[in-house]
Amino acid sequence: MSQVASPNLPDAQGHFGPYGGRFVPETLMHPLQQLEAEYFRAQQDPEFQRELTYYLREFCGRPTPLYFAERLTRELGGAKIYLKREDLLHTGAHKINNCIGQVLLARRMGKARVIAETGAGQHGVATATVAAMFGLKCVVYMGAVDCERQALNVYRMKMLGADVVSVKAGQQTLKEAINEAMRDWVTNVRHTHYILGTAYGSHPYPLMVRNFQRIIGDEARRQILEKEERLPDLLIACVGGGSNAIGLFYPFLGDASVKMIGVEAGGEGIEAGKHAARFHGGSLGVLQGTRSYLLQDEFGQIQLTHSVSAGLDYAAVGPEHAWLHDQGRVEYTYAKDDAALDAFLKLARLEGIIPALESAHAVAEVFRRAPSMRQDQLLIVNLSGRGDKDVTQVAAKVQL
Ligand SMILES: *Cc1c(COP(=O)(O)O)cnc(C)c1O
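Asks: Looking at this structure, I do not really get the side chain of H123. What am I missing?
Replies: By secondary structure assignment, the location of H123 is in helix α5 (residues 122-134). Judged by relative accessible area, which is 4%, H123 ranks as buried. Polar contacts involving the side chain of H123 include one to the main-chain amide nitrogen of G197, which spans 3.4 Å. In this structure, H123 is in contact with K95, N98, C99, A116, E117, T118, I195, L196 and G197, ignoring residues within four places of it in sequence.

Asks: Is there a simple way to think about a nonpolar patch on the surface in this case?
Replies: On the surface, Y155, M159 and L160 cluster together into a nonpolar patch covering about 350 Å² of accessible area. Counting through the fold element by element, L160 comes out in the loop between α7 (151-159) and β7 (163-167). According to the relative accessible area criterion, L160 is partly exposed, its value standing at 32%.

Asks: Mind showing me how you'd approach the packing of aromatic side chains here?
Replies: Summed over all chains, the structure comprises twelve aromatic pairs. Here W185 and Y194 contribute two aromatic rings whose centre-to-centre distance is 6.1 Å and whose plane-to-plane angle is 65°, an arrangement assigned as edge-to-face. Using a relative accessible area of 3% as the deciding quantity, one classes W185 as buried. According to the relative accessible area criterion, Y194 is buried, its value standing at 1%. Grouping aromatic residues by their ring pairs yields a cluster made of Y19, F279, Y293 and Y332. Positioned above the aromatic ring of F68, the side-chain terminus of K80 is 5.1 Å from the ring centre. Above the ring of F367, the side-chain terminus of K346 is found at 5.2 Å from the ring centroid.

Asks: I'm lost on the nonpolar core in this one. Help?
Replies: Side chains of nonpolar character tend, in soluble globular proteins, to be buried together. Core analysis: the largest hydrophobic core is formed by 59 residues, its most contacted members being I100, L105, M157, W185, Y194 and Y205. Considering every element that reaches this core, the biggest residue donor is helix α4 (residues 95-108), with seven residues. Once residues within four sequence positions are removed from consideration, Y194 is found in contact with Q102, I115, A116, E117, I178, A181, M182, W185 and Y205.

Asks: How should helix α14 (residues 357-369) be read in this particular structure?
Replies: Along an α-helix, a turn takes 3.6 residues, which lines up residues three or four apart on a common side. Its 13 residues give α14 an end-to-end C-alpha distance of 19 Å, which sits within 8% of 18 Å, the value for a rise of 1.5 Å per residue. Most of α14 sits out of view: eleven of its 13 residues are buried.

Asks: Quick question: what am I supposed to make of the pattern of salt bridges here?
Replies: Pairing is possible between side chains of opposite charge, provided their charged atoms come close. Scanning the model with the defined rule gives 31 salt bridges in all. In this structure, E331 and R369 form a salt bridge, with 2.6 Å as the shortest nitrogen-oxygen distance. A residue pair is termed long-range when its members are at least 10 positions apart, and E331 in strand β14 (residues 331-336) and R369 in helix α14 qualify at 38 residues. A relative accessible area of 37% means that E331 is categorised as partly exposed. For R369, a relative accessible area of 24% puts it in the partly exposed group. Linking E358 and K389 is a salt bridge whose minimum nitrogen-to-oxygen distance equals 2.8 Å. Of the two residues, E358 sits in helix α14 while K389 sits in the loop between β15 (378-383) and α15 (391-397), which places them 31 residues apart along the sequence. Neither E358 nor K389 differs from the other in exposure class; each is buried. Several salt bridges share partner residues, and in doing so they unite E38, R41, D45 and R108 into one network.

Asks: Explanation requested: the sheet that holds β7 in the structure shown.
Replies: One key point about sheets: their strands pair by backbone hydrogen bonds, in either a parallel or an antiparallel sense. Reading across from one edge, β7-β6-β5-β8 is the order of the four strands in this open sheet, with parallel pairing throughout. Across the chains shown, the open sheet's two edge strands, defined by having one partner strand only, are β7 and β8 (192-194). Pairwise comparison of adjacent strand axes, ignoring direction, gives a mean angle of 20° for this sheet. Relative to strand β6 (residues 137-143), strand β5 (residues 113-118) runs parallel, the two sharing six bridges.

Asks: Got a minute to help me understand the site of the ligand in this structure?
Replies: As a matter of local geometry, the ligand sits amid 17 residues, with K95, T198, G240, S243 and S384 nearest to it. A distance of 3.0 Å separates an oxygen atom of the ligand from a polar atom in the side chain of H94. Between N244 and the ligand, the recorded distance is 2.8 Å, taken from a side-chain N or O atom to an oxygen atom. When isolated, the ligand has an accessible area of 380 Å², and the protein chains bury 96% of it. In the shell around the ligand, the residues fall into four nonpolar, eleven polar and two charged.

Asks: Would you explain helix α1 (residues 26-44) in this entry?
Replies: A rise of 1.5 Å per residue sets the reference length of α1, with its 19 residues, at 27 Å; its end C-alpha atoms lie 28 Å apart and thus fit the reference within 8%. Along α1, the positions that sit buried rather than exposed are L28, P31, L32, L35, E36, E38, Y39 and A42. Residues of α1 that are buried sit in contact with α2 (46-60), α4, α8 (174-188), β8 and α9 (205-213).

Asks: Help me understand the pairing of β6 in this model?
Replies: Every regular strand shows the same layout, with side chains that alternate between the two sheet faces. For β6, a buried count of six out of seven residues is recorded, marking the element as mostly surrounded by other parts of the structure. Relative to β7, β6 runs parallel, the two being bridged by five bridges. Looking at β7, one finds that G143 is bridged to V167.

Asks: So what exactly am I meant to see when it comes to the pairing of strand β9 (residues 234-238) here?
Replies: β9 sits mainly inside the fold: five of its five residues count as buried. Burial along β9 is two-sided: the residues L234, I236 and C238 and L235 and A237 are all buried. Two strands pair when backbone bridges link them, and β9 and β15 are joined in this way by three bridges, in the parallel orientation. Following the sheet pairing, I236 is matched in β15 by V381.

Rules of the game
Residues numbered from 1 in each chain as written. Predicted model: local features only at pLDDT ≥ 70, side-chain atom pairs only at ≥ 80, totals over all residues. Heavy atoms only, no water. Helix = DSSP H or I, 4+ residues; strand = E, 2+ residues; numbered from the N terminus. Buried < 20%, exposed > 50% of the residue type's maximum accessible area, 1.4 Å probe, protein only. Polar contact = N/O pair within 3.5 Å; in protein donor to acceptor, adjacent residues only side chain to side chain. Contact = heavy atoms within 4.5 Å. Patch = residues over 30% accessible without salt bridge, like charges linked within 9 Å, V, L, I, M, F, W, Y side chains within 5 Å. Areas by Shrake-Rupley, 256 points an atom, 1.4 Å probe, with all protein chains shown as cover. Salt bridge = Lys/Arg side-chain N within 4 Å of Asp/Glu carboxyl O. Phe/Tyr/Trp six-rings, centres within 6.5 Å; stacked < 30°, edge-to-face > 60°. Lys NZ or Arg CZ within 6 Å of the ring centre and 35° of its normal. Core = buried A, V, L, I, M, F, W, Y, C linked by side-chain atoms within 4.5 Å. Expected span 1.5 Å × (residues − 1). Pairing = 2+ DSSP bridges. Axes fitted to C-alpha atoms, helices over the stretch in contact; angles between N-to-C directions. Near = heavy atom within 4 Å. Nonpolar A, V, L, I, M, F, W, Y, C, P; charged D, E, K, R; others polar.

Set out below in C-alpha cells:
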C-alpha cells in the first residue's frame, strides 16, 4: 500500500496529481482567483476561524457524537462499529459544514447574494438556511425533474426565503443545474458568491470544501482516541462528489494503519449501465471545471447515471478521490440500490437511526466488511445525513 498521499495537495494550480485544476471560461478565471486569495487570507485569520467555530457549534450543533453502535456490532459479530453522527446536524446532513464556511467567506468579500446548485435539495436547503441566517439574497438552481421528485425540499427552500429556479435544459437534473449556476455567477459575480456543494469543480473549490468538511475527521480522530485510546482500523463513507468522505478521511491519510473505503452508487448494477460508480467504468475527462474520472461514452458524451439516492447520482467524482484511488490509498467500491435499501431498514431497526439513502450505501458496506473483521478491530462509518427526506421514496418501494 502506498503512503504517498500528501496532506499538502493540491499544488498551487489546484492539481491533485493529474486531476483537478481549473477548466473554465476566461470570465470565471478572475472570480476564482479572487476567491482563492480571500480563502487563503481567511484561513490565516484568527477572527475568521473564531467565527467559523462559533457558528459550527452554536448554529449547526457541532461536535457531532461518535456513537458506539452496540446492537449492530453484536449482530455482525466482527469489528466494533462506531457511527459518526453528521445526521444530527442542523438541516440533517454534513452539507451545512461547508455552507457555513462559504457564507462567512461571502460576507468577508462583501457579497450580498449567494447562489447554489442542488440535486436532491439538501445542499439547496443548507444554502438557503445560512443565507436566511445572515440576511443574504439566495437563488438555488435545480433541475426540473429533481424539483418534481423533491417537492418538499423545494418548499423548504422557499420557506427560507430562497428563489428556486427550475432548470429545464438537457436531462433536467444536477448537471444542468450546475451549468445554470455557473452562468449566473459569470453574469453577477461582482455581488454574488457561488456556494458549490461538494469537493468538486475548479480550484479552489475541491480544496476549500475539503477543508471545511475535514472537521468530521478531526473530531472523529479525537473522539476515537478518547474512547479507545487508539486509531481506527477502517473508515467507510459514501462518495457522491466526495465531500463527506474526504472530510472523514483527510485527517487520517498520513496514518498508514488506517484503511479507507469509499462507496459509490451501484444503482441497478454496473453491467446494466444504470449506476454512478465512476471508478467502475469511468475514464479520465473534464467536466464542469475540473479533470477527474467521469462516466462518458467513447465520444466524450456524459452518460446517464442512476441511483436510488439523488445525492450520489452524478457522472463525475471529486479530483482528490481520483488521485487517492490511483495511489491505492483509498479503496473504492459500490453498493447497489437494493443493498442500500436493505441497510437503510436494518439500521433503523437495530439502532433506532434512519440514515439518508446516501449514507445507507456506506452502511451496506459495513454489513459486508464488519463480519470478517476481528472483534478487537475498530470501524468508523460516516452517517452523512438523516433519512427523513427519503421516507416517501422508500415507502413506495418497500412494503412493511
Ligand atoms: C449530498 C449528500 C451526499 C453526497 O455528497 P458528498 O459530497 O459526496 O458527501 C451524501 N450524503 C448526504 C446525506 C448528502 O446530502
